[in-house]
Amino acid sequence: MADLDVGDLAPQFDLPRDGGGSLSLAASAGKPVVLYFYPQDDTTSCTQEAISFSRLRPEFEKAGAVVIGLSPDSAKKHDKFKSKYDLTIDLAADEERKVIEAYYLWVEKSMYGRKYMGVERATFLIGRDGRIARIWRKVRVKGHAQAVLEAVRAL
């Protein structure tokens, strides 16, 4: 299995989004894109991460960047998640996991000794040229959104 690395072209996507319509990487061409992958709406860590990115959204916009959260949840579930926590970031629905797999994030996980397949929490910073500028894998939520913002500012 190959993997993505800094300097690689980011895999393109066009997915259903919260609120209807779709989100695509091509629509953000020429802007830095923060594409963060998370396992599931309305779980503790995923909620904290979404709230952190939402809180910093004005700063990301000031830096010219777009923030997109992506999980295998449906667009309808994303709508409920955004409404419940007043989230302001865009959420993409990858129910078939095609984009998750294109970014090599459908992985074997383990909890309490039980092995299962799931989404690895990871963030990709995609530069204005469509190439991956930075990757964070196995993300720990606390302080992560701020670290990503600093990387965006450094582009």
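Relevant structure appears above.
The model shown is predicted, which means the values in this text are computed figures rather than measured ones.

**Student:** Which parts of the structure should I look at to understand the layout of surface pockets?
**Tutor:** The method is simple in principle: a probe with the dimensions of a water molecule rolls over the atoms, and the space it marks as empty is what remains. Space inside the largest pocket adds up to approximately 610 Å³. Lining the largest pocket are 23 residues, with Pro39, Lys109, Tyr116, Val119 and Arg121 sitting closest to its centre. Among the elements of the structure, α1 (44-55), β6 (106-111) and β7 (114-119) are those that each provide at least two residues to the lining of the largest pocket. Ranked by residue count, the leading element in the lining of the largest pocket is β6, at six residues. A class-by-class count of the residues in the lining of the largest pocket yields 11 nonpolar, six polar and six charged.

**Student:** Teacher, can you tell me more about the packing of aromatic side chains here?
**Tutor:** Geometrically, a pair of aromatic rings is defined through the distance of the ring centres and the angle of the planes. Within this structure, the stated rule accounts for eight aromatic pairs. Between phenylalanine 53 and phenylalanine 60, the aromatic rings sit 5.8 Å apart at their centres with planes inclined by 40°, giving tilted as the arrangement. Assigned by exposure class, phenylalanine 53 and phenylalanine 60 land together as buried. Among the aromatic residues, those joined into a cluster by ring pairs are Tyr36, Tyr38, Phe53, Phe60, Phe81 and Tyr85.

**Student:** Would you mind going over the pattern of salt bridges with me for this structure?
**Tutor:** Pairs may arise between side chains of opposite charge once their charged atoms sit close together. A full pass over the atoms with the stated rule returns 13 salt bridges. Among the ionic pairs, lysine 98 bridges to glutamate 96, the shortest N-O distance being 3.2 Å. By the burial criterion, lysine 98 is exposed, and glutamate 96 matches it. Between glutamate 120 and arginine 137 there is a salt bridge, with its nearest N and O atoms 3.9 Å apart. Of this pair, glutamate 120 sits in the loop between β7 and β8 (122-126) while arginine 137 sits in strand β9 (residues 132-137); the two residues are 17 residues apart in sequence, bridging distant segments of the chain. Under the relative-accessibility criterion, arginine 137 is labelled partly exposed at 29%. Salt bridges here are not isolated pairs; linked through shared partners, they connect Arg17, Asp18, Lys82 and Asp90.

**Student:** Looking at this structure, I do not really get unusual backbone geometry. What am I missing?
**Tutor:** Peptide bonds are mostly trans, and most non-glycine residues show a negative phi. Positive phi values are uncommon outside glycine, yet aspartate 42 reaches one of about 65°. Secondary-structure assignment places aspartate 42 in the loop between β3 (33-37) and α1.

**Student:** Please explain the side chain of aspartate 90 as it appears in this structure.
**Tutor:** Within the fold, aspartate 90 resides in strand β5 (residues 90-93). For aspartate 90, a relative accessible area of 15% puts it in the buried group. Here arginine 17 takes part through its side chain, which lies 2.7 Å from a polar atom of the side chain of aspartate 90. Beyond its immediate chain neighbours, meaning those up to four positions away, aspartate 90 contacts Arg17, Asp18, Leu23, Val67, Ile68, Gly69 and Lys82.

**Student:** Hey, could you run me through helix α5 (residues 144-153) in this one?
**Tutor:** Residues separated by three or four positions in an α-helix point in the same direction, a consequence of the helix having 3.6 residues per turn. Among all positions of α5, only His144, Ala145, Val148, Leu149, Ala151 and Val152 are buried. Each buried residue of α5 lies within a common arc of 160° when the element is viewed along its axis, so the set occupies one face. Buried residues along α5 sit against β3, α1, α2 (57-62), β8 and β9.

Conventions and cut-offs
- Residues numbered from 1 in each chain as written.
- Predicted model: local features only at pLDDT ≥ 70, side-chain atom pairs only at ≥ 80, totals over all residues.
- Heavy atoms only, no water.
- 1 Å grid on protein atoms, 1.4 Å probe; cavity = no way out; pocket = protein on both sides within 12 Å on 5 of 7 lines; lining within 4 Å.
- Points joined across faces, edges and corners; volume = space filled by probe spheres on them.
- Helix = DSSP H or I, 4+ residues; strand = E, 2+ residues; numbered from the N terminus.
- Nonpolar A, V, L, I, M, F, W, Y, C, P; charged D, E, K, R; others polar.
- Phe/Tyr/Trp six-rings, centres within 6.5 Å; stacked < 30°, edge-to-face > 60°.
- Buried < 20%, exposed > 50% of the residue type's maximum accessible area, 1.4 Å probe, protein only.
- Salt bridge = Lys/Arg side-chain N within 4 Å of Asp/Glu carboxyl O.
- Polar contact = N/O pair within 3.5 Å; in protein donor to acceptor, adjacent residues only side chain to side chain.
- Contact = heavy atoms within 4.5 Å.
- Arc of directions from axis to C-beta.

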